[in-house]
Amino acid sequence: MSLTPTKEGTPPVARDTATGGSASRTKRSDSKFPTKTPTPLTTRQRLSRFVDRHVLGIYVAPAVAFISLVMIFPVVFTLFLSFTEWFGSARTPPKFVGIDNFVQLFQDERFLLATGRTILLTAGAVTAQTIIGVGLAVLLHRQFVLRGLVRSIVLLPMIATPVAIALIWRLMFHPQLGILNDILTRIGFAPSDWLADPNLALLLVGVVDTWEWAPLIALITLAGLAALPEDPFEAASIDGANGWQKFWHVTLPMVRPIVVVAVVFRLIESLKTFDVIFVMTQGGPGFQTETLNIYAYNVAFQYQRLGYSAALLIVFFLLVLLISSSMMKLRRPKEK
Amino acid sequence: MAHTAAYRVKKGLGSFGFYLLLALVLVPFVFVFYYMVTTSLKSPADLVAKDFVWVFQPTLDNYEQVFEQTDFLQFALNSMLVGLGSVLVALVLGLPAAYAIARYKAPKIALLVLSSRITPGITFLIPLFIIFSQLKWIDTYQALIIAHLLVTLPMVTWLMIGFFEDIPQEIIDSARVDGASATRTFLEVVLPLTRGGIAAASILAFIFSWNHFMFSVVLAGRMTRTLPVAVFEFMSYGQINWGAIAAAATVMTIPVVIMALFVQRNIVQGLAGGAVKG
C-alpha cells in the first residue's frame, strides 16, 4: 500500500551508458496501487481498475502481438521452410526434405564463398571504421570554433538515404564519367576499373561502408568521452604522462565498454549490408561482392528456392548471433 | 599567467595543426555531397567532359528531366504515405509498450523488440511476401506499412523507453494519488510531458522508413514503389542520365537532412537501439 516513492522510485536521470541501459533495470514494486473501500462500481470503473492492475500486460500486448505476428511467426515459418523444398507455388505445397538443404548448403561453393566474403567485409570494414571513428571522436572531443557544424557534417553520411549515397559513389567510381579515374590519370596513374575490377570491388564496398558508418562509432565514442571523469587525467598529468600515453593508458580503457557497444551494433548491421552492395554492384562482378544477404535475396527472389533460402537464412542468423554475442563478452571483464 | 613567446608559438602551431587535420578528415564526408549536388547541376557536356569540370554554368535541366520523364512526385508521395502510416501505427503500438517497459522494468520485452535488429530482413520478407501474395496485397500501401513497421516500431519503442524513464516518478505518483487511472495518467500527464521525445522519435522513425530499400524492392509494384527503389530503377533501366540521377538523389536526400537537423541529438541513440545516449 505504499505510495511514497521508494529509493527505486527516484527517476533514473541518466541511464548508465556503459551497461547498455537494460541490464541495470531491476524489478520495481510500485505496480500495486491502493484499492479503496468497496463501493458499488460502474462497468467503466471496473474496467479502469482492471487496466490499472494489469498495466504492463495491457500496454505491452498490442506491440507484442504485432511483433509475434510479423517477427516471431516469420522466424518460425523460416525454420519450417528450411526443412522443405518449395518454389513458392500454391499448387505444389512445400515438400519435406529433412536436413537436405543444410547438407547441400555446406557443399555449395557459392554459399561458402559468400560466407567468407561476408566475414571478410565485416571484419575489414568494422576494424577500419573503429580506428577512424575513435580517432575522429578524440579529434572532435575538444572545444573549437564551429564544433556544432562539424558534428552535423559528420552525421550526414549515416543519415542520408543509402541508395542515394551508393548511387553517387557508383558514379564516382564510374570508369569514364567518375572523378576518381580523373584524379588517377592526372597524377600519372593508369585508370582503374574500380567496381568492375574483381580484385577491387569488395574492398571498395568496404570503403563505402566505412565512409558511411565510421561517424556512428565516432559519435558514440564522443558521448562516452564526454561522460568521463576528470580525475584520472589529472593524476596522469601529475605522473608526467604525455598526450599519447594519456590516450592509450587512460582514455582508451575507460571508453572501451562504450566502443564495444558501438562495434557490436556495427557488426550486426555490417554483416547484413544490403543497400550499398545491391545498388553499387548487385553482387558482381561475377560473384565478387555477393555476401550472404545478397545471396539469400537471389536464392529467394530470383531463383524462388524458398526452402533453400530459408536454410541459408537460419545459418546466417546464427552467424550474426554468434559474432555479436561473442563480441559482447569482450566488455564483461570491465563490469562488476 | 605569462606565457613565453615560445609557448604561444607552439600552442598556435598546435591549433593550426588541429584545424588542418580536422579539415583533411572532413574532406571525404563533405566531398561526396558536394559531388552529388554539383553533378545534378551540370549540363550533359560538362558531365561527359574528359576532365572533371570544377567551374561550370549551373543548369536545372537535370531536375526538369527527373520531374518530366519519371513519376517522381508519385514515388515521393508513396514514400511519404508509407512513412507517415508506419510511424503513426508505431506510435499507437509503441508508446504504451515503451511506457510500460520503462515504468515496470521489463527488459526482456524490450529485448524482444530489439531482436528485429539482429534478424536479417529477408527472414521477414519471405513469409510476408507469401502472405501478402495470398491476400493480393502486393503493391499496396498496407503491405508496405506493415513491413516498414519492422523498422519504425523498434525505433519508437527504444527511444521512448529512454524518454519515459526520465520522467520523475513523483509526477506519476501524484497523479495517481489524485485518483487518476493508469490510462488517464498516461494520456493526460505522461504523454504531454514527453511531447518533445515523441516528436524526435517520430521524425527519426520517419527518416529510417524513408531511407529503407529492401522491403519495397520486393513488396512494392508500379503503384506503390517508394523513392529509393524508384531512383535505383531509373538507373538500372537507363531511363535518365547520370546528371538526372544525381538530381533525383539530391531531392531524395534533402528532406532527410533537414529533418535530421531537428533530431541531431537523438540520431545516435536511435541507431544504437537506445543503448547509448548521444
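Residues numbered from 1 in each chain as written. Chains lettered and ligands numbered in written order. Predicted model: local features only at pLDDT ≥ 70, side-chain atom pairs only at ≥ 80, totals over all residues.

What about the overall build of chain A?
Where we set the bar: Runs of H or I in DSSP of at least four residues are treated as helices and runs of E of at least two as strands, each being numbered from the N terminus. Any residue whose C-beta has 12 or fewer other C-beta atoms within 10 Å is treated as exposed, any with 20 or more as buried, and any in between as partly exposed, C-beta atoms being built from the backbone. By definition, residue pairs are in contact when their C-beta atoms, positioned from the backbone, come within 7 Å.
Along its length, chain A carries 13 helices and 2 strands. Looking at chain A residue by residue over its 336 residues, the buried ones come to 38%. In chain A, the proportion of contacts linking residues at least 24 apart, taken out of those at least 6 apart, comes to 70%.

Some details on the overall build of chain B
Stated formally: Here the globule rule reads 2.2 Å times residues to the power 0.38, and the radius of gyration is calculated from C-alpha atoms.
A count of helical and extended segments in chain B gives 14 helices and 0 strands. Scanning chain B from its N terminus toward the C terminus, one meets helices and strands in the order α-α-α-α-α-α-α-α-α-α-α-α-α-α. In terms of overall dimensions, chain B is more spread out than a globule: its C-alpha atoms have a radius of gyration of 24 Å, far above the 19 Å expected for 278 residues. Structurally, chain B occupies a C-alpha span of about 75 × 75 × 30 Å along its principal axes. Buried residues in chain B amount to 48% of all 278 residues. Pairs at least 24 apart in sequence give 78% of the contacts found in chain B among residues at least 6 apart.

Some points on the interface of chain B and chain A
Applied cut-off: Think of it as three bins: nonpolar holds Ala, Val, Leu, Ile, Met, Phe, Trp, Tyr, Cys and Pro, charged holds Asp, Glu, Lys and Arg, and polar takes everything else, Gly as well.
The partner chain A presents 90 residues to the 94 residues of chain B that form the contact. Of all the elements, helix α1 (residues 5–40) of chain B adds the most residues to the side of chain B that touches chain A, at 12 residues. Taken together, the residues of the side of chain B that touches chain A break down into 68 nonpolar, 17 polar and 9 charged.

Side note on the domain arrangement of chain B
All names here are of chain B. Definition in use: An automatic or database domain assignment supplies the start and end points of every domain.
The domain architecture assigned to chain B consists of domain 1 (5–61) and domain 2 (69–271). Computed over C-alpha atoms only, the centres of domain 1 and domain 2 are separated by 34 Å. Those elements giving two or more residues to the side of domain 1 that touches domain 2 turn out to be α1 and α2 (44–48). Here the element with the most residues in the side of domain 1 that touches domain 2 is α1; it accounts for 4 residues. Split into classes, the residues belonging to the side of domain 1 that touches domain 2 amount to 4 nonpolar, 2 polar and 1 charged.

Some remarks on the packing of helix α4 (residues 72–104) of chain B against helix α7 (residues 141–165) of chain B
All names here are of chain B. Threshold: For helices, the fitted line uses only the C-alpha atoms of the stretch in contact; every axis is such a line through C-alpha atoms, and the angle between N-to-C directions lies from 0 to 180 degrees. In this scheme the handedness of a crossing depends on how the near helix is turned from the far one: anticlockwise by less than a right angle means left-handed, clockwise means right-handed.
Between α4 and α7, the shortest axis-to-axis distance is 6 Å and the interhelical angle comes to 35°. Seen from above, α4 lies across α7 with right-handed handedness. Looking at the contact of α4 with α7 residue by residue, the class counts come to 22 nonpolar, 6 polar and 2 charged.

Focus: unusual backbone geometry
Residues and elements named next belong to chain A. Within the chain, leucine 146 stands out as a residue other than glycine whose phi angle is a positive 65°. Mapped onto the secondary structure, leucine 146 falls in the loop between α4 (109–140) and α5 (147–159). We classify leucine 146 as exposed; it has 11 C-beta atoms within 10 Å. Residue glutamine 282 is not a glycine yet carries a positive backbone phi of 50°. One can find glutamine 282 in the loop between α11 (275–280) and α12 (292–302). By C-beta crowding, glutamine 282 is classed as partly exposed, having 14 other C-beta atoms within 10 Å.

With respect to helix α10 (residues 195–211) of chain B
Each full turn of the α-helix corresponds to 3.6 residues, which orients residues three or four apart in the same direction. Basically, it comes down to this: Multiplying 1.5 Å by the residue count of a helix minus one yields the expected span of that helix.
Between the first and last C-alpha of α10(B) there are 24 Å, a value that for 17 residues agrees with the 24 Å anticipated at 1.5 Å per step. For α10(B), the full list of buried residues reads B:Ala200, B:Ala201, B:Ser202, B:Leu204, B:Ala205, B:Phe206, B:Ile207, B:Phe208, B:Ser209, B:Trp210 and B:Asn211.

Some thoughts on the nonpolar core
To keep it simple, the criterion reads: Take the buried Ala, Val, Leu, Ile, Met, Phe, Trp, Tyr and Cys residues, join any whose C-beta atoms are within 7 Å, and the set you get is a nonpolar core.
Membership of the largest hydrophobic core comes to 170 residues, with the highest contact counts inside it found for A:Leu167, A:Ile168, B:Val231 and B:Ile245. Among the elements that make up this core, the one with the highest residue count is α7(B) (17 residues). Looking at this core, you find at least three residues from each of domain 1 (5–61) and domain 2 (69–271) of chain B. Beyond its immediate stretch of four places on either side in the chain, A:Leu167 contacts A:Val279, B:Val231, B:Met235, B:Ile245 and B:Ala249.

Topic: helix α12 (residues 227–236) of chain B
α12(B) sits mainly inside the fold: 8 of its 10 residues count as buried. Along α12(B), the positions that sit buried rather than exposed are B:Leu227, B:Pro228, B:Val229, B:Ala230, B:Val231, B:Phe232, B:Phe234 and B:Met235. The elements touched by buried residues of α12(B) are α6 (162–172) and α11 of chain A together with α4, α10, α11 (214–219) and α13 (242–262) of chain B. Following α12(B) by one or two positions, B:Gly238 adopts a phi angle in the positive range, close to 55°.

So, the confidence of the model for chain A
All names here are of chain A. Formally: A residue's pLDDT is the confidence the predictor assigns to it, expressed on a 0 to 100 scale.
On average, chain A scores 81 in pLDDT, and the residues at 70 or more come to 86%. Per-element mean pLDDT across chain A ranges from 76 in helix α1 (residues 43–53) up to 94 in α6. Every residue in residues 1–32 is under pLDDT 50, and counting partners more than four places away or in other chains gives 51 contacts.

Points about the confidence of the model for chain B
Residues with a pLDDT of 70 or more make up 92% of chain B, whose mean pLDDT is 85. Predicted complex metrics record ipTM = 0.88 and pTM = 0.85.

Notes on the environment of B:Phe29
Mapped onto the fold, B:Phe29 is located in helix α1. Judged by C-beta crowding, with 20 C-beta atoms within 10 Å, B:Phe29 ranks as buried. In this structure, the C-alpha to C-alpha distance between B:Phe29 and B:Phe52, residues 23 residues apart in sequence, is 19 Å. Excluding its chain neighbours within four sequence positions, the residues that come into contact with B:Phe29 are A:Ile153, A:Val154, A:Leu156 and A:Pro157.

Digging into the environment of B:Gly196
All names here are of chain B. For glycine 196, the location among the structural elements is in helix α10. Classification of glycine 196 by C-beta neighbours within 10 Å gives exposed; the count is 10. For glycine 196 and valine 263, which are 67 residues apart along the polypeptide, the C-alpha to C-alpha distance reads 9.9 Å.

Quick word on the environment of A:Leu319
Mapped onto the elements of the fold, A:Leu319 is located in helix α13 (residues 306–328). By the C-beta count within 10 Å, which is 17 here, A:Leu319 ends up partly exposed.

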